[in-house]
Amino acid sequence: MTLQALEKPLEGNLIVRPVTIDDLENAISLFNLCTKLEMGVETNTIEDLRKEWETPKFDLATSTRAVFTPEGKMVGYVELIDIREPAVRPFVWGRVHPEYRGRGLGTMLIQWGEERGRQAIDRCPPEARVVLGTWAHESAHDGKALLEANGFHSERGSYQMLIEMTEAPPAPIWPEGITVTTFDQFNDAKTLYTIHREAFQDHRGFVEEDFEIAFERWSHFMLKGENYDPTAWFLAMKDGEIAGYSLCEPKAWDDPDKAFVEILGVRRAYRKQGLGLALLHHTFGKFWKRGTKKVGLGVDATSITNAVALYERAGMHVFRRFDMYEKELRPGVELSTQ
């Protein structure tokens, strides 16, 4: 069964429809119930979900479906994100309430996500390979079995890494000519984003897209919200230009006592000089002085730039693992960095 109708009664009088912004609290209850079961923590907030649902070019009416009980409780959810152009890497993500698993809801939701993802094919160059992606926490055995039953496969993973400091971290050793400032002093978002695009060309999954569209989306996520703190965005400068950067949030999404490095990047010309390690030590030191002893970040487990080894040298360890799944929707030429 797939979700062809906007509202369709299912077994037990369950109703399927797109979400609206008024469903935020209902969705958060479902999401946090699932992450608590899988990871032991509640990882979702109203503010973060609102930001996601209000992402430029993301249409709740066409890109989401949710399952509700007759009383209005959300017990299933799926979204399809294909807002990048070219849309060669659409992404599907979903949740099913534990008490409603084993009834076919998960299969229905993932099949709708695939159907919706196939619509992206028409917006891609005719020679391009199109791949539907998703992820699952390592402990989500039912979810991983569901994905595999529907033709998804996992060939790699991603980590969340953590440092728990019991003493001040080492002082950073900066390459010659490097100075450090913070974004509140630099205050040029477009220049920073330009550098970020350059640095992340070597990040798995990177696809070149229109600058203004991509910058609008990046700004929406990075420059808004109560956790945005430009004094926690550290920029390594040389000769007046950004050489590397560490963009942090003082409170991590899964732990208010932990800071989180949202993005760490070093430009190609400044790599293999110790700048990444110096940025990490500088970041850890700044949060140590603030009284924050834990700092986390996320990383591709098979990072092309060997980022995992860098983070381990800085004293971090893997504390949470995810499996990244893919399903090829159309074979062709791979346009994303691999």
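Residues numbered from 1 in each chain as written. Predicted model: local features only at pLDDT ≥ 70, side-chain atom pairs only at ≥ 80, totals over all residues. Heavy atoms only, no water.

**Quick notes on the overall build of the protein chain**
- Regarding its fold elements, the protein chain presents 10 helices and 13 strands.
- In terms of overall size, the protein chain behaves like a compact globule, its C-alpha atoms giving a radius of gyration of 21 Å where 338 residues would be expected to give roughly 20 Å.
- With respect to the three principal axes, the spread of C-alpha positions in the protein chain is 65 × 45 × 35 Å.
- By the burial criterion, 52% of the 338 residues in the protein chain qualify as buried.
- Sequence-distant contacts, at least 24 apart, represent 74% of the contacts inside the protein chain between residues at least 6 apart.
- Carbon and sulfur atoms form 49% of the exposed surface of the protein chain, whose accessible area is close to 15900 Å².
- Placing the 41 positive and 52 negative side-chain charges of the protein chain at their respective mean positions leaves the two points 2 Å apart. (Helix = DSSP H or I, 4+ residues; strand = E, 2+ residues; numbered from the N terminus. Rg over C-alpha atoms; globule rule 2.2 N^0.38 Å. Buried < 20%, exposed > 50% of the residue type's maximum accessible area, 1.4 Å probe, protein only. Contact = heavy atoms within 4.5 Å. Areas by Shrake-Rupley, 256 points an atom, 1.4 Å probe, with all protein chains shown as cover. Lys, Arg positive; Asp, Glu negative; His and termini not counted. Charge placed at Lys NZ, Arg CZ, Asp CG, Glu CD.)

**What about the pattern of salt bridges?**
- Applying the stated criterion across every chain, the model contains 27 salt bridges.
- Its salt-bridge partner being E241, residue R267 comes within 3.7 Å of it at the nearest N-O pair. Of this pair, R267 sits in the loop between β11 (258–266) and α9 (275–290) while E241 is found in strand β10 (residues 241–249), placing the two residues 26 residues apart along the sequence.
- Each of the salt bridges in this network shares a partner with another, and the network as a whole consists of R89, R129, E326, E328 and E334. (Salt bridge = Lys/Arg side-chain N within 4 Å of Asp/Glu carboxyl O.)

**Notes on the packing of helix α1 (residues 24–39) against helix α2 (residues 46–53)**
- For the pair α1 and α2, interaxial distance at closest approach is 10 Å and the crossing angle is 115 degrees. Here α2 runs roughly perpendicular to α1, going by the angle between their axes. Between α1 and α2 lies a crossing whose hand is right-handed. Contacts from L24, E25, A27, I28 and F31 in α1 reach I46, L49, R50 and W53 in α2.
- Classifying every residue of the contact of α1 with α2 gives seven nonpolar, no polar and two charged. (Axes fitted to C-alpha atoms, helices over the stretch in contact; angles between N-to-C directions. Parallel < 35°, antiparallel > 145°, perpendicular 65-115°, else oblique. Left-handed = near helix turned anticlockwise from the far one by under 90°. Nonpolar A, V, L, I, M, F, W, Y, C, P; charged D, E, K, R; others polar.)

**Focus: the pairing of strand β4 (residues 74–81)**
- Summarising burial for β4: seven of the eight residues are buried, a large majority.
- The pairing of strand β3 (residues 64–68) with β4 spans five bridges and is antiparallel. Each residue of the ladder has a partner; that of V67, found in β4, is G76.
- Counting the residues that bridge the hairpin from β3 to β4 gives five residues, and of these G72 lies at a positive phi of roughly 95 degrees.
- Of the strand pairs in this sheet, β4 and strand β5 (residues 91–96) are connected by six bridges, and their pairing is antiparallel. Paired with V78 across the two strands is G94, which belongs to β5. (Pairing = 2+ DSSP bridges.)

**So, the side chain of D229**
- Considering the arrangement of structural elements, one finds D229 in the loop between α8 (211–222) and β9 (233–238).
- On the accessibility criterion, D229 (17% relative accessible area) is buried.
- A distance of 2.5 Å separates polar atoms of two side chains, one belonging to D229 and the other to T231.
- In this structure the side chain of D229 is engaged in a polar contact, spanning 3.1 Å, whose partner is the side chain of R290. (Polar contact = N/O pair within 3.5 Å; in protein donor to acceptor, adjacent residues only side chain to side chain.)

**Looking at the packing of helix α7 (residues 189–199) against α8**
- Their axes nearest at 11 Å, the elements α7 and α8 cross at an angle of 105 degrees. The angle between α7 and α8 places the two elements in the roughly perpendicular class. Residues A189, K190, L192, Y193, T194, H196 and R197 of α7 touch α8, and the partners they reach there are F211, E212, A214, F215 and W218.
- By residue class, the composition of the contact of α7 with α8 is seven nonpolar, two polar and three charged.

**What to know about the confidence of the model for the protein chain**
- For the protein chain, the average pLDDT comes to 95, and 97% of its residues sit at 70 or higher.
- Across residues 1–7, where pLDDT falls below 50, the model places 21 contacts with residues more than four positions away in sequence or in other chains. (pLDDT = per-residue confidence, 0-100.)

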